Amino acid sequence: MDSLLEEEDEEVPAVVGKRRKRRRRRSPSAQAALQPPLCLPFLPQLPVSSNEHKLNFTKSKEVCLRYIQDALLQKQWKRAAEFLTCYVEALEKDYSREHIGPSEMIWRIGTEILWHHSQSSMKEFSCFMEQMKTLGVKRYLKVCLEHVFHLLCNGQIDEAYQNLSLAESWRFGEQTAIQDKEMKLIQAYRGLLDYHNWSKQKNILLENGEDGFSDLAVEQEMHGYFRKAAVNLKEIIKIPGVWDVFVKCYVDLLEFYGDHNEAHQVLNEYAYNSKFPANPNAHVYLYQFLKRQGESKKSLISALKILHDIVPSHELMIDFNTMLQKSKKRKKRRLGLEVIFTALDYAGWKENAKAWSCLARQMKQIVISEKHLDWIKQEWNSRKDWWPAFHFSRYLAKRNWQENKNLSYEKALVAGILLGKDCKYFKYVSHQGCKAQLKRFRMLKKFVNRHNLVYLRISGPPDSSVQP
Amino acid sequence: MTTQPEPRKTRCAPGRTHRAVSLPSSSRVLIGARRQRGGDVIGGGRAIPTRYRELRPGRVLSPVPGTAAMEFPAALFPAYFSAGPPREEGGPAPVAGWGEHGQVLEGGPGRRQGKTAFVPRRGARGERWEAADAAAVPVLLPSAGCWFPSPAIQDIVYRSGAGRKLRVGRSGVTLDFARQLGHFFVDHPEDAFGSLGRLLHKNFYLGNSKLKRPARNSTIRMTALMEDIDRLEARRGCPRQHLASRLRWFSHLCRDWLFEVPLGLLADCLHEELMQQWSNLLFDDSFTGGALAWLPPEDGATPVGRLVHPGGQAMNHLYFQDVVLEELPRARGSPQQFELSGRIRQVAAARVDGQDFVGVRSDYHCGVWRVLGKTGAAPTPLQVIRTDMPASCLTVSPHLPGELSVCTQSGTIYLWSVETGLQQLRHDPQTMFFRDYSPWRWSDFTAHPRVLSCADRTGLQCLDARAPKRCHFDLFKVGEEAGCQQGERVVLPMYLGRAHPSQYLVTTQFSVYVLDERLPLVPVLKWAHMMEAPPLFAHLMPGKPGRSHKVLLGASRTQELLLMQYRGGSQSACQLAGTPQKLHNIAGCLQHLPTQLPHRHHLLQQRLTAPAAGLAAMLQEDGPHKSMLVFQLSETGDVFCQRLTHKAAQSPAPLSRDEATTAPGSSPLFEGPASSPQGLGSEEEEEEEQTFYLSNLEVIVDEEEGTPAPMEEAELLQEPCASPEPSSPAVPSPAAALRYRRWLRAFFRTCREPSRHTWTPSLSQRRLFTHRDLEGPAGPSSLHRQMRQRLRQTMQEGRRIQRWEPLALQPPPLPQTLEPAGGPDPLSTRLTAAWAGDWEQWWEERTSFNMAQRQRALRERRRRQKRAKGRRSLSASFTSSLTYQSELSELSDVGPQLLSPSRPPILSQEGSPPAGSPPVHSLPTSPAPDEALLSSQSLRCRGIPKERRKTLRDYLSVWAEGPPEPPEPLGSQASQLCIPSSQSQLSSASQPRRKRPRMGF
């Protein structure tokens, strides 16, 4: 190793201290500004005029680390492993106050190597992890957690559960904030596994229940799992964060035992507490819960309305639009049009035939009834300068026609209404459709020709007659 | 301040151009000929081995915008969320990205009934991509014209103070201020001391001798000062400062008035500039985004893409180069070229409706080009805007044709539409979330075509272009929300719309984040990338459904390239797939190049390690074969590329192959030429490889000597039958090695000029003369040899040398020519005669001899005058010659040093022995060479046709007006030219009087 290390020509000048001091004194103001504009992870090595080649311990440590890093980045696990065995020496003088000390490095690198090394086994991995846990007190929980994750990903749920229980009972003096968080996570994951056990028992019971035979012991056990899971899960979801998995499990538990109020409250809290991030899933869970509970349309709509405000491009906007379209209230139908227009603003919806058919249907209704043309006009106003290029270009007409006839039909209808019969998109699609002798495209052409005046009203200057 | 001092290295600003200069040398001529044959681009179609031709590139994966559904993952990975400034202490974390699953989530593909499966956030299996070759391969030949290396650390930093490794947060460097100031004084003396220098130059004495009394009162002897300075240099660090009292006295005296620019002001400016250079050296954000764009071919169309890259000496030329996608991408035809008025900082491209829009940013100008999807369609420039402040960002909308967003360093963000012009969205010189001094701003598009993201170092916001003041939300904040470290700053944001319409990539100097705009502030993916320099470039290659998206990160200073994969975003939560992988960088090919001479190696190293300036990549799919092409651009305009192939088998034991790639050359441990045959299939292959390398060396050597490389053709024939699949990328494939060789040849051709620093204008005569005309033996060395010989002989004989000049070329025994061989010298004869008493007779003889000599000289002159009028037959001129015999004998041996036909021999006016007098060679006293060239006789005798003589004369007269030429052996060379063609005429014309003593009398 040493002979290899000597190739590295990092040099430390020995006798520069005095001179540097002198120079520094000369330009103190310069030194302050010498920092790069950005706090860089690594600074370039300076070429050195001194001819000292000595390697000290720190240096060789650094060099070794660089080799390991290089091997890891090239997926040469075996080579990295060999270097790591040398690097272990770095533990001897671990006085560093670096952000990440040698013991953590060994843990991280070793884990990574054992993940990928072809000759590693789960047993070896566990053995390594056990050693790593003893290396640093501060990192114990984190290493435990990572160990559990690895066991979980490899399907060893029971071992993971044992490890979690063990880690949970670990105590070491005052806990730091980070350790506190890690402990909460450990408990939560244990709760999650308890939940899984619970649902397993539940399934057994349900299967057996069909036979009319109920096992009291199993039921007891199931309730035990419920209690354990509920306690832990309830804890973590109080803390601001993204807890989709835990919330879902907890709500499932509560629903099973009929505690709908608590479930509703949990979901409400998760969705509407401003300390939590604006997680669309929180709203989705609430909406689904309300739907399951058979809540009124009104509360469903209000839940979705909030989701619409946060994520106007959410997939549930289709449901929302259909719900609103069916509504008797004018205001809601108006909102429905806005919802679908807004959704179609997003690139992700561009080729969604369902969304286009929603819009086409509603617009057709409006055009036929000749009422509320001003709705379309208002929506169109903010879009008319870019929708034609975004949705209705000739290029897209060709491509949509080739890829999805349904989509091009719906889009052509919308284009025909919004831009008139001379619109490129409509012209191309209706022409192609007529050529292909598709009946509905002929109907489409007729419809648009009949209602061509609508286009003038929509795109014309705002006049009082159209204003609501 | 009119003159801005610059560090020494940059003083030849890239913008300063000078004509390709130089004196012809035979190798150049040959190279020129070869270049015409081979075309200007690497790989002119003939070098592709057949096996590569068979590999037909298939359908190119093209971005399909908008096909991704707008689904949101049903459950996200658990994460804590808290607001506020970052709490985690930052620091160098070299391995922070390894060995962590982060979190786990239920689900995943392996989910079976009854058993829950978990997927990790990091550490899931990814696709396996392997480099197809040992190193990156040049795509384009180095552009012609000299190249200016950018300042290096050692140019700026005070050397001896630079010992320790730099540490973050501590200032370990001292800028070498004094040296740079010194450079300024030396390089720009007019600007530094112009007027006072002129006024006072009489009072400065530069000689060595002591000053005399009267002058001493008003004159300073500078030589003494210089000596003091030198002594001071030699004794650097010596505490005995008083030794420099004279210097102190001088500087004390002059400091206030000597300098044209007040010294304090100058120093301030220099210091500012140095700091600027230093911080740019550490981190230069002007190249953010990268100046390389790849316009992929249309679906199913011909496999010809287009590379858009800057080039030229000042990087101010924009090139659109067609590239044929073969095993090694090959440039096709000559590029379309646009000259811009500033250095190109960024080239951004997006495809909308089948057309490519290419945005180009330089400091004060931004332009947009449109390229139609058809191959070979000419790019059309659409619009140019000028900004008052340097622009820091230009991105092209992937949604609407002809829309771009521009940011300037004043904090202004514009939406730029080719049709409607600029719309200012925001103007805020302050940063968004907390105060940061960097004026850098960035902006990109989002899933909504009217919503733009805008970024500074502290985070990202999205704002609606229709109501930018009212509608905006925070997408990313450097803070606890995203779990950032202290000191972490946004380096490059990028819209990942082609992977998922609502995804965003944000890189910082420590980590890379994937964001979903539907869940702002909380990154859906975070990973510490561990790169040594901040990733300034990124490139996304979207994967098809079920496959991972690939993101390439590139750093500038260290040229790092990192490939990471992630998947998810719509149906499943985002997770990092596979381990990150380091790709070859440009500098990595250095070890695979043939061994070079040290100075060339240094040059090459300097060139190849220049900071990277851009990054582009594409996925290529040909049935089961999937491969990835990665292009990297360096600041010097070199474009290198590498291919990665997809290994479909995801077997858990890929070790054998894996370790086979543990090539000695690919690790920093063994930084030698890759010589190990490890991994080569059979012995035959090995042998071929070796012959290849041998011939490789040969060609390079040949090239140096300027003779054509005969091996090349043989190799070309050999190449197709080379080993079909060198499974180990330890050594470059033959095709790659050929590329290297071509590139090297072109590179050394281009950098020959600047290395000589011939700044005086001179004209290339390559087209006027054939190389044979200009060929000649090396003059000066033979001259030196003669001199030395003569000196030695004179010393041996104990005599003195009276005149070096005219005699210089005469053979040493010339002074003796008068004497009969073996006779005593004149003095002893005279003394002998005097002793004998018949001194008078001796005198008579002597004078009559001199008479004869004079007569002969006169005759000689007359004859020469006659000859000047016209040619004569050889024999006629010898009628009266006394030296008839010797001259005939001379004709038979035309020595290497022959005579200038154009210069009439000058008769010696002194009383020196006549035979020695005519200088037979014009070299040492050669006047301006053009004179020699201009004489019609000389032109004629060189065999230059009549109709070209006039042109030549005009041409050379221009040259003659220029500044004095550095002494070049042109005259002598030219004078040698006609030897073979007009030998007889020449020798008669010059009438050599040279006699070999032993042959004469």
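So, here is what we can say about the structure in this document. (Residues numbered from 1 in each chain as written. Chains lettered and ligands numbered in written order. Predicted model: local features only at pLDDT ≥ 70, side-chain atom pairs only at ≥ 80, totals over all residues. Heavy atoms only, no water.)

Notes on the overall build of chain B
Secondary structure summary: chain B contains 25 helices and 34 strands in total. In chain B, which comprises 1001 residues, the share counted as buried stands at 52%. The contacts of chain B with a sequence gap of at least 6 include a subset with a gap of at least 24, amounting to 61%. Total accessible area computed for chain B in this model is approximately 45,800 Å², and 54% of it derives from carbon and sulfur atoms. (Helix = DSSP H or I, 4+ residues; strand = E, 2+ residues; numbered from the N terminus. Buried < 20%, exposed > 50% of the residue type's maximum accessible area, 1.4 Å probe, protein only. Contact = heavy atoms within 4.5 Å. Areas by Shrake-Rupley, 256 points an atom, 1.4 Å probe, with all protein chains shown as cover.)

Regarding helix α17 (residues 330-345) of chain A
Here α17(A) spans 23 Å end to end across 16 residues, near enough to the 22 Å set by a 1.5 Å rise per residue. When we look at burial in α17(A), the residues that qualify are A:Arg334, A:Leu335, A:Gly336, A:Leu337, A:Val339, A:Ile340, A:Phe341, A:Thr342, A:Ala343, A:Leu344 and A:Asp345. (Expected span 1.5 Å × (residues − 1).)

Comments concerning the sheet that holds strand β8 (residues 293-295) of chain B
All names here are of chain B. In space, the four strands of this open sheet follow the order β8-β9-β10-β11, with antiparallel pairing throughout. Both outer strands of the open sheet, β8 and β11 (330-339), are each paired with one neighbouring strand and no more. Taking each pair of neighbouring strands and ignoring which way they run, the sheet shows an average axis angle of 25°. Pairing analysis gives seven bridges linking strand β10 (residues 317-324) to β11, with the strands arranged antiparallel. (Pairing = 2+ DSSP bridges. Axes fitted to C-alpha atoms, helices over the stretch in contact; angles between N-to-C directions.)

Remarks on the packing of aromatic side chains
If you walk through the whole model with that rule in mind, you get 36 aromatic pairs over all chains. With a centroid separation of 5.8 Å and 70° between ring planes, the pair formed by A:Phe392 and A:Tyr425 is classed as edge-to-face. Residue A:Phe392 is located in the loop between α20 (387-391) and α21 (394-403), and its partner A:Tyr425 is located in helix α23 (residues 424-435); the two are separated by 33 residues in the primary sequence. Taking relative accessible area as the criterion, A:Tyr425 reaches 0% and is therefore assigned buried. Through a chain of ring-to-ring contacts, three or more aromatic side chains come together here, namely A:Phe341, A:Trp356, A:Trp380, A:Trp386, A:Trp387, A:Phe390, A:Phe392 and A:Tyr425. Cation over ring: A:Lys364 sits above A:Phe447, and NZ or CZ is 5.5 Å from the ring centre. The ring centre of B:Trp440 lies 4.1 Å from the NZ or CZ of B:Arg457, which sits over that ring. (Phe/Tyr/Trp six-rings, centres within 6.5 Å; stacked < 30°, edge-to-face > 60°. Lys NZ or Arg CZ within 6 Å of the ring centre and 35° of its normal.)

What about the pairing of strand β31 (residues 575-582) of chain B?
All names here are of chain B. In terms of burial, β31 is a largely internal element, seven of the eight residues being buried. Sheet topology note: the strand β30 (residues 561-567)/β31 ladder contains five bridges and is antiparallel. Bridge assignment links Tyr566 to a residue of β31, and that residue is Leu576.

Details of a positive patch on the surface
A cluster of basic residues, A:Arg394, A:Lys398, A:Lys424 and A:Lys427, forms a positive patch at the surface. Classification of A:Lys427 as partly exposed rests on a relative accessible area of 47%. (Patch = residues over 30% accessible without salt bridge, like charges linked within 9 Å, V, L, I, M, F, W, Y side chains within 5 Å. Salt bridge = Lys/Arg side-chain N within 4 Å of Asp/Glu carboxyl O. Lys, Arg positive; Asp, Glu negative; His and termini not counted. Charge placed at Lys NZ, Arg CZ, Asp CG, Glu CD.)

Things to note about the packing of α21(A) against helix α22 (residues 405-419) of chain A
All names here are of chain A. Their axes nearest at 6 Å, the elements α21 and α22 cross at an angle of 140°. In terms of orientation, α21 lies oblique with respect to α22. Across from Leu396, Asn400, Trp401, Gln402 and Glu403 in α21, the residues of α22 making contact are Lys405, Leu407, Ser408 and Lys411. A per-class count over the contact of α21 with α22 returns three nonpolar, three polar and three charged. (Parallel < 35°, antiparallel > 145°, perpendicular 65-115°, else oblique. Nonpolar A, V, L, I, M, F, W, Y, C, P; charged D, E, K, R; others polar.)

What to know about the pattern of salt bridges
Following the criterion strictly, the structure yields 40 salt bridges over all chains and no others. Measuring nitrogen to oxygen at the nearest pair gives 4.0 Å for the salt bridge that ties B:Lys647 to B:Glu130. Within this pair, whereas B:Lys647 is found in strand β34 (residues 639-647), its partner B:Glu130 is found in strand β4 (residues 128-131), the two being separated by 517 residues in sequence. For B:Glu130, a relative accessible area of 12% gives the class buried. Across the pair B:Arg643 and B:Glu327 runs a salt bridge whose closest N-O atoms are separated by 4.0 Å. With a gap of 316 residues between them, B:Arg643 in strand β34 and B:Glu327 in the loop between β10 and β11 connect regions that are remote in the sequence. For the pair formed by B:Arg643 and B:Glu327, the shared burial category is buried. By sharing partners, the salt bridges in this structure join A:Glu104, A:Arg108, A:Arg139, A:Lys142 and B:Glu100 into a single network.

Considerations on the pairing of β30(B)
All names here are of chain B. Burial analysis of β30 places six of its seven residues in the buried class, which makes it a mostly covered element. Of the pairings in the sheet, the one linking strand β29 (residues 549-555) to β30 comprises six bridges and is antiparallel in character. Across the sheet, Leu553 pairs through a bridge with Leu562, a residue of β30. Counting the residues that bridge the hairpin from β29 to β30 gives five residues, and of these Gln559 lies at a positive phi of roughly 60°.

Side note on the side chain of A:His196
Counting through the fold element by element, A:His196 comes out in helix α10 (residues 177-210). Leave out the neighbours within four places in its chain, and A:His196 touches B:Glu106, B:Thr116 and B:Phe118.

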